[in-house]
Amino acid sequence: MTKSHSIKIEIDNNGDEFFVELKATGKLTHQDYQLITPEIDDALADVDKPIVDVYFDGTECDGWDIHAAWDDLKLGLKHGKQFRKVALYGNKHWQEVGAKVGNWFLSGEVRYFDNSIDALNWLKEE
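Residues numbered from 1 in each chain as written. Predicted model: local features only at pLDDT ≥ 70, side-chain atom pairs only at ≥ 80, totals over all residues. Heavy atoms only, no water.

As annotated in an unreviewed UniProt entry, the protein is STAS/SEC14 domain-containing protein from Photobacterium angustum.

Here it is as structure tokens:
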């Protein structure tokens with residue numbers, strides 16, 4: 001049986017503030033980052049000091065392949081100072097640990113949530 005795989009991204013902006021919503025199903029791949037990285041780069045390109053909040057739904061995510069993990073690190077290093085809040089909504093212990101590790105690479109705050117409403121409410125807080 002083949003496991004399903006997909007990545008969805010939506011980027012909304014209001015001036016210099018951006019809301020990025022991601023949902024991953026299955027294992028993230030290098031090809032996924034070849035799709036999402038240019039979208040993020042293009043959205044932020046013309047903004048002097050973008051402020052980015054991210055909602056990542058990882059409830060159906062099975063992790064990253066090694067190349068995708070490297071891509072994720074590069075994306076974080078490139079845009080890390082622009083991230084204000086990253087809410088990781090998940091249901092696996094490794095995701096909670098991953099959120100803690102993410103704080104090492106981003107200037108903003110990364111938090112893990114096991115409830116989507118709590119994650120979204122946190123992102124809305126000033």
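A few words on the nonpolar core. In terms of nonpolar packing, the biggest core is built from 22 residues, with L28, V52, V54 and F56 touching the most fellow members. Only β2 (17–28), α1 (30–44), β3 (51–64), α2 (66–79) and β4 (83–89) provide two or more residues apiece to this core. Non-local contacts of V52, meaning those with residues more than four positions away in its chain, are made with F18, V20, L44, Q82, F83, R84 and K85. (Core = buried A, V, L, I, M, F, W, Y, C linked by side-chain atoms within 4.5 Å. Buried < 20%, exposed > 50% of the residue type's maximum accessible area, 1.4 Å probe, protein only. Helix = DSSP H or I, 4+ residues; strand = E, 2+ residues; numbered from the N terminus. Contact = heavy atoms within 4.5 Å.)

Quick look at the environment of K100 now. Along the polypeptide, K100 turns up in helix α3 (residues 93–102). C-alpha of K100 to C-alpha of G90: the two residues are 10 residues apart in sequence and 13 Å apart in space.

This part covers the sheet that holds β2. If you trace the five strands from one edge of the open sheet to the other, you get β1-β2-β3-β4-β5, paired in mixed fashion. Pairing within the sheet leaves two strands with one partner each, and these edge strands are β1 (6–14) and β5 (109–113). Across the sheet, the mean angle from the axis of one strand to that of its neighbour is 15 degrees, orientation sign disregarded. Across the face of the sheet, α1 comes into contact with β1, β2 and β3 while running at roughly 5 degrees to β1. With respect to the sheet, helix α4 (residues 116–124) is in contact with β2, β3, β4 and β5, its orientation differing from that of β4 by roughly 175 degrees. (Pairing = 2+ DSSP bridges. Axes fitted to C-alpha atoms, helices over the stretch in contact; angles between N-to-C directions.)

The subject of this paragraph is the pairing of β1. Sheet topology note: the β1/β2 ladder contains nine bridges and is antiparallel. The residue bridging K8 from the neighbouring strand is K23, located in β2. A loop of two residues connects β1 with β2, the two strands running antiparallel in sequence, and G15 in this loop sits at a positive phi of about 70 degrees.

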